[in-house]
Each structure stands twice: as C-alpha cells, then as structure tokens.
Amino acid sequence: MTKPVVLIAEELSPATLDALGPDFEVRHCDGADRSQLLSALPGASAVLIRSATKMDGEAIAAAKGLKVIARAGVGLDNVDVPAATKAGVMVVNAPTSNITSAAELAVGLMLAAARNIAPANQALKGGAWKRSQYGGVELLDKKVGIVGFGRIGQLVAERLKGFGMEILAYDPYVSAQKAGQLGARLVTLDELLAEADFISIHLPKTAETLGLIGKDALAKAKKGVIIVNAARGGIVDEAALADAIASGHIGGAGLDVFASEPTTVSPLFDHESVVVTPHLGASTEEAQEKAGISVAKSVRLALAGDIVPDAVNVAGGVIAEEIRPGIDLVEKLGRIFTAVAGSVPVQLDIDVRGEITEFDVSIWKLSALKGLFTDITEEPVTYVNAPLMAAERGCEARLVTNPVAEDFRNVTTLRGTLADGSVVSIAGTLTGPKMVQKVTGVNGFDLEVPISTHMAFLSYVDRPGVIGAFGRLLGDAGVNIAGMQVSRNEEGGKALVVLTLDSAIPADVLAAIAAEVNATLAEVVALVD
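Residues numbered from 1 in each chain as written. Predicted model: local features only at pLDDT ≥ 70, side-chain atom pairs only at ≥ 80, totals over all residues. Heavy atoms only, no water.

Enquirer: Outline the overall build of the chain, supporting the account with residue identities and numerical values.
Expert: Per the secondary structure count, the chain includes 17 helices and 22 strands. For 529 residues, the compact-globule estimate of 2.2 N^0.38 gives 24 Å, and the C-alpha radius of gyration of the chain, at 30 Å, exceeds that figure by more than 25%. Judged by the C-alpha coordinates and their principal axes, the chain covers about 105 × 50 × 40 Å. Looking at the chain residue by residue over its 529 residues, the buried ones come to 48%. For the chain, restricting intrachain contacts to residue pairs at least 6 apart in sequence, the fraction spanning at least 24 positions comes to 62%. On the chain, roughly 24,700 Å² of surface is accessible, and the fraction owed to carbon and sulfur atoms is 52%. (Helix = DSSP H or I, 4+ residues; strand = E, 2+ residues; numbered from the N terminus. Rg over C-alpha atoms; globule rule 2.2 N^0.38 Å. Buried < 20%, exposed > 50% of the residue type's maximum accessible area, 1.4 Å probe, protein only. Contact = heavy atoms within 4.5 Å. Areas by Shrake-Rupley, 256 points an atom, 1.4 Å probe, with all protein chains shown as cover.)

As structure tokens, this is what we get:
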C-alpha cells in the first residue's frame, strides 16, 4: 500500500520525524528555493514549513492532492490561508509551542534595555571600560504596561511580578476580573501610556493593531519609558520610535521584530539605547521541538481524516470521544440528503436531540456540510472548504440542539428547505454496543434501516404488488436485495421503501422500477469513498 507523502520543506527537529512515525513517506526540499518547492509539492499530502517557505496561491495550486499545510510555529504570514481554504487544504500551526520562549525573550530585552547590556558589552569587547557611561534603571517598584494580555502577555506579567513590578494591562478582550485574578490592573491604552515605566507589546498583527504604537501614542507615553516589542513587526511605527528616542522622550527600546524582515538597516540601529535581535522569539531548542512535535501530531490527525484542534481554517476544537462516532454518521446523512433531495437546500438545519447534546456537537455541522457536497462536485470536499461551498451556493446551515429525544437515546435530523419551498428530512442514529449507523426517518416516514454502501429510496402510493415488482426487476438485473423496510402513513396512502443492496442499481433498471410502480421518488445512494 502506498504511503502518503509528507514533504518537509525546512529544517525541523529530529523529534518531528519521530512524532510523524512510520506511516508516511517523508521527502525533503529547500522551501526557500522557489523552483525546488514547486517541483516537490505535486503528490504531497502534507507539507511542513517554518517561516522561509511561502505557501501562496501559486504553491497551493501546484500541490495537487495536498491536504494539510503545517507551520511549525505561530505566525502564518507566509501562508495564504484563504487560498488554502478554497482549495480544501487544512492549515495548522503550533500556537502554544513558543509562548514560553517569546515571553522569556521579552523579559530579556527589557532587562537588556534597562541596564544597557548590549552597548556596554560592545564597548568592553572593543577595549573600552565605560562603567560610568552605561548606568541603568531597576525594575523593582516600576510599572510595566502589557499591551495585549493573552497567553504570552500573561506569562510576561507572571515573570515580571517576580521582579516586584506593578502590572498594568490593556486588552479589549479581557475582563477586569480576569486581569485582577492574574495580578494585573486593567486600564485603557491612554492610561497605560501615561503611567507605565516599561511597555511590553504582545498583540497579533491585524488591520487594527498595525501602527498602534505610532507618533501619537508615543507622544502620550511617560517620558523615559522603555518599549519592548517581541510580538509582531509593524505594531510599533519604527520611524516614529526612532524620532522619539532621538528627542529623548522615549528612554530606550528592545525589539525582536520589524515591519520588514529580514532587515539590516534601520534608524533605530543608530541608538545605543536600543537593543535588537533578529526575530529570535521562537528560536530555542525547546520551542522548535515543541512546534515540530505539535504539527507532526496535527498532520497525523489530518491525514487520518480526523478533526485537528490546531487547524486555523476549520471550526473545530477538542472533540469529545462520545462525539466522534457520530461524525461519520452525520456525514453519511448529508450524502443521503443530497441524493434524496436532488439539490442543495437554501436552509439546512442540523437538528441534534438526546443526551449527546451534553457535549459540544458543533463539529457535526461541518460533517453534514461535507456530506452534502461530497457527491455533487468534482472538487475534493473537506471540513475546510465545505462551509465555503455552502456559502457560494447560498446554503445557510444552522445547528439546533435539544436534550430530549423521543424514540432513541440520540437522533440527528438533517432538515433542509429547497429553493422551491419543499422540505426534505433525513434522520439517523447509532444503536447498540457496536454503534450501528441507521437511517431512522425520511421525509416524515419512520423506519430503522442500517446504512449500507448501496441504498435505494423509493416513494409511491401504497398498494399490493409493488414489493414484488422491486424483487422481480432487481432480480432480473442481477442486483441482490440485502435488506428492505417499508413505511407508510396510512393504508392506501403514501409509502416509502428503503432498500439495502449488494451492488449498485443501474440507472436504466432504476428508471424501469420507478415507471412500473409510478414512484414519486426514486434515488440511489452509493456511499463509497
């Protein structure tokens, strides 16, 4: 059996290969070499990168069959996430791999700037003993303003409390109560600028944060403040910071990131009170190993068809073990729905009832959408691009839960309104110790039929002789009936039969059956991968 190909485009820790295990064919290329990357991508199921490899639209288009892009780190500036999503390619990163390393570097930059360690080191190595020139300031009893109080900001605060500093925090998405529990006082950005003796920035780079610490913000800052940025380049306006340092208003800075990287020329480099490093936040042995192991595990999950908690373009998360068996069931219900409906609904409700709703079943919405489109498009359908396909086709999906189920412990119904206003519903459940997948309802007809690879759904007016016609016509065609169940709303009224079969029904045979029994519905489902 051919193993899936995993392309490693940059140097990763040996632990990464160990975490991948023996189930993959591992290939290597230099991702920074564009021509080498583009020639290596075709045939790869996954590509593992760091920061030097650009997985843009061109690279993604060249990677036919690619299922996952794994960035062994936090930032995704070098990955075109929208293009990957459209192509159905999962994008994963290692969001917690470097948080300790980044926090420790921020503290290191703060100490280095406060004590003029970098220029004193350079002077002494150059033969000059300038003890009186490079005095500094203590951190004890000073106020530090943490701009962005997420995981890294909180780690920085925790460490700086050990230096006896008062912690101010600015973050619109953190409550005063949460900040207080972590020993910080939540303030506005203007209050932080006015009070802080040190400022450490820990924000993501977004349209809102770009240039946040610019000329106006720096003018509001307390005179002599030392500013540290080990988050993302561009959040601090480097030219404005250089001017503020030159004027004496800002006391110094520690920078690990820059608006344009790599960079070797900056007006900030002219100032001895500025200590700089070349984006070393994640450059520790521990962080690199954690990142490699994390994304390797994500690749294993993704290529096994599982949900990946660290996927950035899939609404997933940690999946409870109780939820997992239902993922495949709901996907199959989606495929059956499309076959029975013959079109995509404009509104689809994923109605989940029973004790299973004690858990987060939101992943079943993705499963239903994936099933809905699997058999009606030539594009590969994944948990990544299924919501995009729904949006492009005007299908609005909604998850509805209810802890009460009437006939089963749990039952999931896909109920869709079609463009003509008609409603189609398919219900299913899992039963017994073996968790057998069953269809339990079709368009209001109650039944209990195990889901099979080949199934047929026919609706007609209830009358004698119809079941015999099914057997005769299928027998003549050499199609064996494995199981059959009939449901009707009343004697002589509408009836529905669901057949499970050992092989597919040829289209002409299905048409002949539909004509003979005057069926109002005659659809087959082939649940093959």
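Enquirer: Outline the environment of L168, listing residues and values.
Expert: Tracing the backbone shows L168 in strand β7 (residues 166–170). Take L168: its relative accessible area is 0%, and that puts it in the buried class. Put simply, L168 and S266 are 98 residues apart on the chain and 30 Å apart in space, counted from C-alpha to C-alpha. Contacts of L168, omitting those with residues within four sequence positions, involve K143, V144, G145, I146, R185, V187, L192, E195 and A196.

Enquirer: Before we move on, could you go through a negative patch on the surface and cite the residues and values that matter?
Expert: A contiguous patch of negative charge on the surface is contributed by D18, E104, E285, E286 and E289. Per-element tally for the negative patch: the top contributor is helix α12 (residues 285–303), with 3 residues. Checked against the element boundaries, E104 lands in helix α5 (residues 99–114). When its relative accessible area of 47% is taken as the criterion, E104 is described as partly exposed. (Patch = residues over 30% accessible without salt bridge, like charges linked within 9 Å, V, L, I, M, F, W, Y side chains within 5 Å. Salt bridge = Lys/Arg side-chain N within 4 Å of Asp/Glu carboxyl O. Lys, Arg positive; Asp, Glu negative; His and termini not counted. Charge placed at Lys NZ, Arg CZ, Asp CG, Glu CD.)

Enquirer: Now, about the nonpolar core: what can you tell me, with residues and values included?
Expert: The biggest cluster of nonpolar side chains holds 69 residues, and the ones touching the most others in it are M90, I336, F337, W364 and F457. Here the element with the most residues in this core is helix α13 (residues 324–341); it accounts for 9 residues. Not counting chain neighbours up to four residues away, the residues in contact with I336 comprise I426, V439, I451, M455, F457 and V525. Among the nonpolar cores identified, the runner-up in size contains 30 residues, and L193, A196, A244 and I250 belong to it. (Core = buried A, V, L, I, M, F, W, Y, C linked by side-chain atoms within 4.5 Å.)

Enquirer: Explain the sheet that holds strand β2 (residues 25–28) to me, using residue names and the numbers behind them.
Expert: What holds strands together in a sheet is hydrogen bonding between their backbones, with the strands either parallel or antiparallel. Sheet architecture is open: 5 strands sit in the order β2-β1-β3-β4-β5, paired in parallel fashion. Two strands close off the open sheet at either side, each with one partner strand: β2 and β5 (90–92). Averaged over all pairs of adjacent strands, the angle between their axes in this sheet comes to 20 degrees, without regard to strand direction. Bridge count between strand β4 (residues 68–71) and β5: 3 bridges; the pairing is parallel. Within β5, the position partnered with I69 by the bridge is V91. Lying over the sheet, α12 contacts β1 (5–8), β3 (46–49), β4 and β5, oriented at roughly 170 degrees with respect to β4. (Pairing = 2+ DSSP bridges. Axes fitted to C-alpha atoms, helices over the stretch in contact; angles between N-to-C directions.)

Enquirer: An account of the sheet that holds strand β22 (residues 521–526) is needed here, citing residue identities and associated values.
Expert: What the 4 strands build is an open sheet, ordered β20-β21-β19-β22; its pairing is antiparallel. On the outer flanks of this sheet lie β20 (481–488) and β22, each paired with one strand and no other. Shown here is a sheet whose adjacent strand axes are inclined to one another by a mean of 15 degrees, direction ignored. Bridge analysis of strand β19 (residues 454–461) against β22 gives 6 bridges, and the strand direction is antiparallel.

Enquirer: How would you explain the packing of α13 against helix α14 (residues 363–374) if you had to name every residue and give the values?
Expert: For the pair α13 and α14, the least separation of the axes is 7 Å and the interaxial angle reads 40 degrees. Relative to α14, the crossing made by α13 is right-handed. Only I363, W364, S367, A368, K370, G371, L372 and T374 of α14 make contact with α13, whose side of the interface consists of G326, I327, V330, E331, G334, R335, F337 and T338. (Left-handed = near helix turned anticlockwise from the far one by under 90°.)

Enquirer: An account of the pairing of β20 is requested, with residue identities and associated values reported.
Expert: Across 7 bridges, β20 lies against strand β21 (residues 494–501) in antiparallel orientation. Bridge pairing links R488 to A495 in β21. Taking the residues between adjacent antiparallel strands as the criterion, β20 and β21 are bridged by 5 residues, where G492 takes a positive phi near 80 degrees.

Enquirer: Explain unusual backbone geometry to me, and be specific about the residues and the numbers.
Expert: Across the junction of E261 and P262, the peptide omega takes the value -5 degrees, indicating a cis bond. The topology assignment puts P262 in the loop between β11 (252–255) and β12 (274–276). Phi is positive for H279, close to 55 degrees, though the residue is something other than glycine.

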